[in-house]
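# Architecture at a glance
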Amino acid sequence: MKTWTDIWKTDRIFKAAFDEQRIAIKYIYKTADEVLHVPPDTPSEYRVSMDSVPESFYTLRKNIFSTLFQSMYHLLDCEPQHRLFYGKLIHLFRIWVTSADNLLDHEDKVVIPIQMPGSSRVMRQVVSIMTADRIFQQLLAEGVETGALAAKQAQALSERSLQILLPSAAQEASEEEGIIERPDPETVLSVIHRYKTGLLFNVAFFAPEIVEPHLDRHRSAELKKALLRFGIGCQVLDDIRDLARDHIERRHNYLLSSLWKNQPEFFQTLGTRDLTVTDRLYLEVLPIALPAAQLGFGMMRDGLRKLGDMGLGIHKKTAEYLADSMFSVLDLQDLQYA
């Protein structure tokens, strides 16, 4: 079976994109190390500093989506120095979004390794977001100083980097206290998940749309559509895996809405059960879960095929293999060959 690693080894664009992402990530962590310093007279028990970065942070498995986004700059014929700048922005977005999710979901996925007193789960996320923002401002200042960016472009990048995330933030805010009613599954798919996840698969385009003087807007729009479809397909698989969690936490979920609409009797019983967030609840509703899995698979496959048609080096059969491999990436191996 073709895997993402196989594509990285054989496709020129994907390999170059991965190499650029590694350089960009190393820059972000090097700069974070320079930024994360307390005043010299701070007592040891109140010191904050950068921790060592695990080698796993630079692996392809850890950076599949970032590398996929980075490859868009090759398909758009962006200049090499611009591609590296955009790659740094991709990783900053990743820090912002993951740290915010950690705060909302009470998780502790490390995006910037930080040494702080105590367990400090919440404060590490806050410091990660603040650090990423300082690095971003430094990047913009360097761009203006070297002439790579005009002052107006830097200002537009600063403003747009927030604005592009606000609809997704608003969607998350709507779920923060738990939803009261389940919407129709098609509404979840076409509206809610578009803002929940789909937009995050398009943030890679915001900088080229500001910086590139001769950007092919039509080509950019087609690439965005393909990534949007791939991203929503990934979210459908996430919904299957997180069926129990999303029911307990009263969050939007395509499969839960499908159960609400198509198997209301089973859906009603969920409220009486002692579920845990790690339960593989979808295994109890395979007649509904399997079509959802096929839908997610089809969306991922079609998005990758479109990217292949536009030059990424993914053939139709390869797109099918890669979409299938996402079941393993997203921890749904038990549905991979169902």
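What comes next concerns the included structure. (Residues numbered from 1 in each chain as written. Predicted model: local features only at pLDDT ≥ 70, side-chain atom pairs only at ≥ 80, totals over all residues. Heavy atoms only, no water.)

### Structural notes on the packing of helix α12 (residues 254–262) against helix α14 (residues 286–312)
- Close contact between α12 and α14 brings their axes to 10 Å; oriented N to C, the two are set at 135 degrees. Put simply, α12 runs oblique to α14. Classified by chirality, the crossing of α14 by α12 is right-handed. Contacts between α12 and α14 involve Y254, L255, S258, L259 and N262 from the first element and I288, A289, A292 and L295 from the second.
- Among the residues making up the contact of α12 with α14, the classes are represented as seven nonpolar, two polar and no charged. (Axes fitted to C-alpha atoms, helices over the stretch in contact; angles between N-to-C directions. Helix = DSSP H or I, 4+ residues; strand = E, 2+ residues; numbered from the N terminus. Parallel < 35°, antiparallel > 145°, perpendicular 65-115°, else oblique. Left-handed = near helix turned anticlockwise from the far one by under 90°. Contact = heavy atoms within 4.5 Å. Nonpolar A, V, L, I, M, F, W, Y, C, P; charged D, E, K, R; others polar.)

### What to know about the nonpolar core
- Membership of the largest hydrophobic core comes to 101 residues, with the highest contact counts inside it found for W4, L92, L157, F230, I240 and L307.
- If you tally residues by element for this core, the top one is α14, at 11 residues.
- Contacts of F230, omitting those with residues within four sequence positions, involve W4, F65, L68, F201, M299, M300, G303, L304 and M326. (Core = buried A, V, L, I, M, F, W, Y, C linked by side-chain atoms within 4.5 Å. Buried < 20%, exposed > 50% of the residue type's maximum accessible area, 1.4 Å probe, protein only.)

### Description of helix α6 (residues 151–163)
- For α6, built from 13 residues, the straight-helix expectation of 18 Å at 1.5 Å per residue is met to within 8% by its first-to-last C-alpha distance of 18 Å.
- Taken together, the buried positions of α6 are A154, L157 and S161. Taken around the axis of α6, the buried residues stretch over an arc of 55 degrees, which confines them to a single face. What points out from α6, more than 90 degrees from its buried face, is the exposed set A151, K152 and L162.
- In this structure, the buried side of α6 is in contact with α4 (80–105), α5 (121–146) and α9 (206–211). (Expected span 1.5 Å × (residues − 1). Arc of directions from axis to C-beta.)

Note that all results are geometric; they support no functional claim without further evidence.
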